[in-house]
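Spelled out, the chains give:
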Amino acid sequence: MMLSALLVAMAATLPGDLEGPQPVDSTGTPVEAKAIAPARATVFKAAKIYVGDGTVIENGSIVVQDGVITQVGAKVETPKGATVVEHDGAISPGLIALHSNEGAGGELLDSTREVMPEAEARHAFAPHHSDYRRARQAGITSLVLAPSSANLIGGQSAVVKTAGGKVVKPSAHLAVSVSSDALNFNRFPTSYAGAMKELNDRFSEPEGAVARAVSGALPVLVDVNDRAEIGRALGFVKKFQLKGALYGSYWAEDLAEPIKESGMAVIATPFDVGDGERQMRSIVALQKVGVRIGFGLDAPARHPHSLRLGAAMCVRAGMPADAARKALTGDAAIIAGIPGRIGRLARGLDADIVLWSGDPVALSSAVEGVYIDGKHVFGGEK
Amino acid sequence: MILTAILALAGGATLAPAPQSITIATDVLYTGAGEARENMLVTITDGKISAIGPGRPAGEDSLHVAAITAGMVDLSSRINSGTTSVEETHEVTPQYRVADSLDFYDQSWARQLRHGVTTVVSSPFDNNCIGGLSVALKTGGEPTIEARQVKADVALRGAFGSQPSSKNHPAFGRPTDFYSRRPTTRMGVEWIWRKAFYDALYAEGNEDRAFDGVEQLVAALNGEVPVFAQAWATQDIRTAVYLKEEMAGEGKPNMRLIIDCGAEAWRELDFLVRTKTSVVLPPFPADGRTGDGAFFAGDAAAKLHEAGVPIALSSHNSMLTGGFLGDQAAYARRGGLSFDAALAAVTITPARMIGIADRVGTIEVGKDGDLALWNGTPFELSSKVVGVVLDGELVIDPR
């Protein structure tokens, strides 16, 4: 990717003959000129463009070249020979599912050891798994593969694309669990007392990935269920000055203020149609006090569409639609740790683009086209 | 900054927060530190008792009750998080703190507070021989350990009797889980206790033999932290006392023992007096039988008190076994315990057992502003707690 971008840049500055040896492929055959010629640009036009940072562009365009967004706005310069996609609907950045096990089910928990900070979720990433096709069809272009919360320290999460097989960020978070999920009747720990002491011991004398978390270089994803666990998690992140997000929102409403003070984001646990009001109230209350929100995806147990379902239900419960869209895109990218790469429609970011029939957080809207790194991967026009 | 200082000087005390003060009138005041006195006023300022003196209510709206005692103290409140409060992967886990497992959103805390219990001890669930460190807490306030903790690590908690071995089974064939390697009998439980203490004795003089939890075991042997052990039945109370005497013979005469749930302690008066052991009694059962089939006589509290054994009453946070701590004092009164002894058994004696008597347990100037407000004579079944003050805050208003 970097190489081709570089070559394109060279082609732009040195029209005509290239200096130096002619590029060859792995068999030694000279690479044809078309491979280094500037790729054709694509221009997407739509009545509404949801940028991903909460702003909206009416009747705007997006120019994509070599998988990267080069222009966004009401007026853009259409490059020569560009393909123009006129979309009758809305466009948003690709959705980002936080805390997911898509395409890696069963591979994100090593139940033999309760603490394994050096385990990396990226090694469980099977890019051609059919889960990713379903995810793309739901408008999800990136997701955070996170180690299971059934271990005290499950390992490191990875941000991956749902098409193209890219690991965008190999070590995105350290997965920590203070929830009852980490307690196991047949191995250590069986108790919160054991869990908290072990975590305190590990973080007091940190090594490896834990040391990176303590230094602030590696954010943590802390799994929580009930209010007592949230309280313990906040005490824990405060003690070690950790950054990152809590995963588990069901009971967070009563602790919205202390969560805000902690600086932690909150990843909403996946929604079901039958979920109680509490889950939604909780997210609405957190958003209101200014806690950064993202949505988790417990696929394949739930269909990837449940990601958007959660956002829509929160809007129904009183969350501003702009905030909900941000939580699925721009804010999710911040929680994932790569806002400079995905989550918004802005110059220089990956061209992960979804064409919608209407507003992404309206459940009546359908996904009509998906592009990842500028490549057409579902529906829409090629 | 300088400007603020000048303003502060100019305005006198205007910038300092006004002291929070509350005064309550009572027909009878039971301070727990002397005679009961009639027509008294108790004032609490900024959470601490600041004045006690004769007086009558200022007006009709003012706080006025029939009787005031200190907020009650329950050493065996049993508010913990059940099996998730004890680390069962080992049978001896002195290094773990129950404080890390408490759920302050549990309704039990508020229920205890409503009934005049302002301080409780939470201990690990008794599925281990030595389960970990207990903590003393207030029953109200912000739902965090920092806000509620009176004192950390007030006791090393453990259990004798059948409970620590109740889930275990011998490892015939291939073990299926870790319960196949723990004690299965009272003998086994006692052996685990002794081994833990002897391991600690050896480790004390030899760093190569140190292990997780040795620090807490040595502190218990040296009497720096009491051993708070569940032992319902005669044989289990004896086991605990024998162990204490054996350790005295090994050069550790200062170990302090508090028996919890000592239902049959009334049968073992000589043992308890001889070893200066304290006893926390379980709630009075409807039919006399308690845990481990122990028989809890109605006059047990009176007998122990007469023999000179320090006693505390407890509620186990249970409405099924006979109600709240105030009611337990009433039952003990019916069994022959004097009023003063009953009052002490739910206030200052338990506070002394775990070393928090400087903060709670009596109504004295300088102590925490924790009060139980009664509508009649305390520990009569016709009276109840109608108001509660916790750290100077009127959390239950009797009006």
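Definitions and limits used
- Residues numbered from 1 in each chain as written.
- Chains lettered and ligands numbered in written order.
- Predicted model: local features only at pLDDT ≥ 70, side-chain atom pairs only at ≥ 80, totals over all residues.
- Helix = DSSP H or I, 4+ residues; strand = E, 2+ residues; numbered from the N terminus.
- Rg over C-alpha atoms; globule rule 2.2 N^0.38 Å.
- Buried ≥ 20, exposed ≤ 12 C-beta atoms within 10 Å, placed from the backbone.
- Contact = placed C-beta atoms within 7 Å.
- pLDDT = per-residue confidence, 0-100.
- Domains from an automatic or database assignment.
- Nonpolar A, V, L, I, M, F, W, Y, C, P; charged D, E, K, R; others polar.
- Pairing = 2+ DSSP bridges.
- Axes fitted to C-alpha atoms, helices over the stretch in contact; angles between N-to-C directions.
- Parallel < 35°, antiparallel > 145°, perpendicular 65-115°, else oblique.
- Left-handed = near helix turned anticlockwise from the far one by under 90°.

A. Seen up close, the overall build of chain B. In terms of regular secondary structure, chain B is built from eleven helices and 15 strands. Taking 2.2 N^0.38 as the reference for a compact globule, 399 residues should give roughly 21 Å; the C-alpha atoms of chain B span a radius of gyration of 23 Å, in line with that estimate. Across its three principal axes, chain B shows a C-alpha extent of roughly 80 × 60 × 40 Å. Relative to its full complement of 399 residues, chain B shows a buried share of 50%.

B. Inspection of the overall build of chain A at higher detail. In terms of regular secondary structure, chain A is built from eleven helices and 17 strands. Looking at chain A residue by residue over its 382 residues, the buried ones come to 52%. Sequence-distant contacts, at least 24 apart, represent 68% of the contacts inside chain A between residues at least 6 apart.

C. Here's a closer look at the confidence of the model for chain B. Residues and elements named next belong to chain B. Model confidence for chain B is summarised by a mean pLDDT of 92, while 94% of its residues fall at 70 or above. For the stretch residues 1–13, pLDDT sits under 50, and the model shows two contacts to residues farther than four places along the chain or on other chains. If you check the scores for this complex, the pTM reads 0.85 and the ipTM reads 0.83.

D. Spotlight on the domain arrangement of chain B. All names here are of chain B. What the domain assignment lists for chain B is domain 1 (14–70 + 361–399) and domain 2 (72–360). Facing 20 residues of domain 1, the contacting portion of domain 2 comprises 26 residues. Of all elements in the fold, only strand S4 (64–70), strand S14 (385–390) and strand S15 (393–396) reach the threshold of two or more residues within the side of domain 1 that touches domain 2. Per-element accounting of the side of domain 1 that touches domain 2 gives the leading share, three residues, to S14. Among the residues forming the side of domain 1 that touches domain 2, the class breakdown is eleven nonpolar, four polar and five charged.

E. Inspection of the interface of chain A and chain B at higher detail. If you look at the interface, chain A gives 16 residues, while chain B gives 24 residues. Listing elements by their share of the side of chain A that touches chain B, those giving two or more residues are helix H4 (192–204) and helix H6 (227–239) of chain A. Here the side of chain A that touches chain B is composed, by residue class, of seven nonpolar, six polar and three charged.

F. Examining the sheet that holds strand S1 (residues 21–29) of chain B more closely. Residues and elements named next belong to chain B. Read from one edge to the other, the open sheet built from seven strands follows the order S3-S2-S1-S4-S13-S14-S15, with strand pairing classed as mixed. What marks the edges here is a single partner per strand, and that holds for strand S3 (48–54) and S15. Ignoring which end each strand starts from, the neighbouring axes of this sheet average 35 degrees apart. Here S14 pairs with S15 via three bridges, running antiparallel. By the bridge assignment, Val389 is partnered in S15 with Leu394.

G. Quick peek at the packing of helix H4 (residues 186–204) of chain B against helix H6 (residues 234–249) of chain B. All names here are of chain B. It is the contact of H4 with H6, at a shortest axis distance of 11 Å, that shows an interaxial angle of 25 degrees. In terms of their interaxial angle, H4 and H6 are classed as roughly parallel. Judged by the sense of rotation from one axis to the other, the crossing of H4 with H6 is right-handed. Contacts between H4 and H6 involve Arg186, Glu190, Trp193, Arg194 and Phe197 from the first element and Gln235, Thr239, Leu243 and Met247 from the second.

H. Expanded view of the pairing of strand S17 (residues 375–379) of chain A. Residue and element names in this part refer to chain A. Bridge analysis of strand S16 (residues 367–372) against S17 gives four bridges, and the strand direction is antiparallel. Its bridge partner lying in S17, Val370 is registered against Phe378. Between the antiparallel neighbours S16 and S17 lie two residues, among them Asp373 with a positive phi of about 50 degrees.

I. Region of interest: the environment of A:Ala312. Residues and elements named next belong to chain A. Among the structural elements, Ala312 can be located in helix H9 (residues 306–316). On the neighbour-count criterion, Ala312 (22 C-beta atoms within 10 Å) is buried. Taking the C-alpha atoms as reference points, Ala312 and Leu363, 51 residues apart in sequence, are found 6.6 Å from one another. If near-sequence neighbours (up to four positions away) are discounted, Ala312 is found in contact with Val361, Ala362 and Leu363.

J. Main features of the confidence of the model for chain A. All names here are of chain A. Counting all residues, the mean pLDDT for chain A is 89, and 88% of those residues have values of 70 or more. Scored below 50 in pLDDT, residues 1–20 shows nine contacts in the model against residues more than four places distant or in partner chains. Within the model, the stretch residues 33–37 combines pLDDT values under 50 with five contacts to residues more than four positions away or in other chains.

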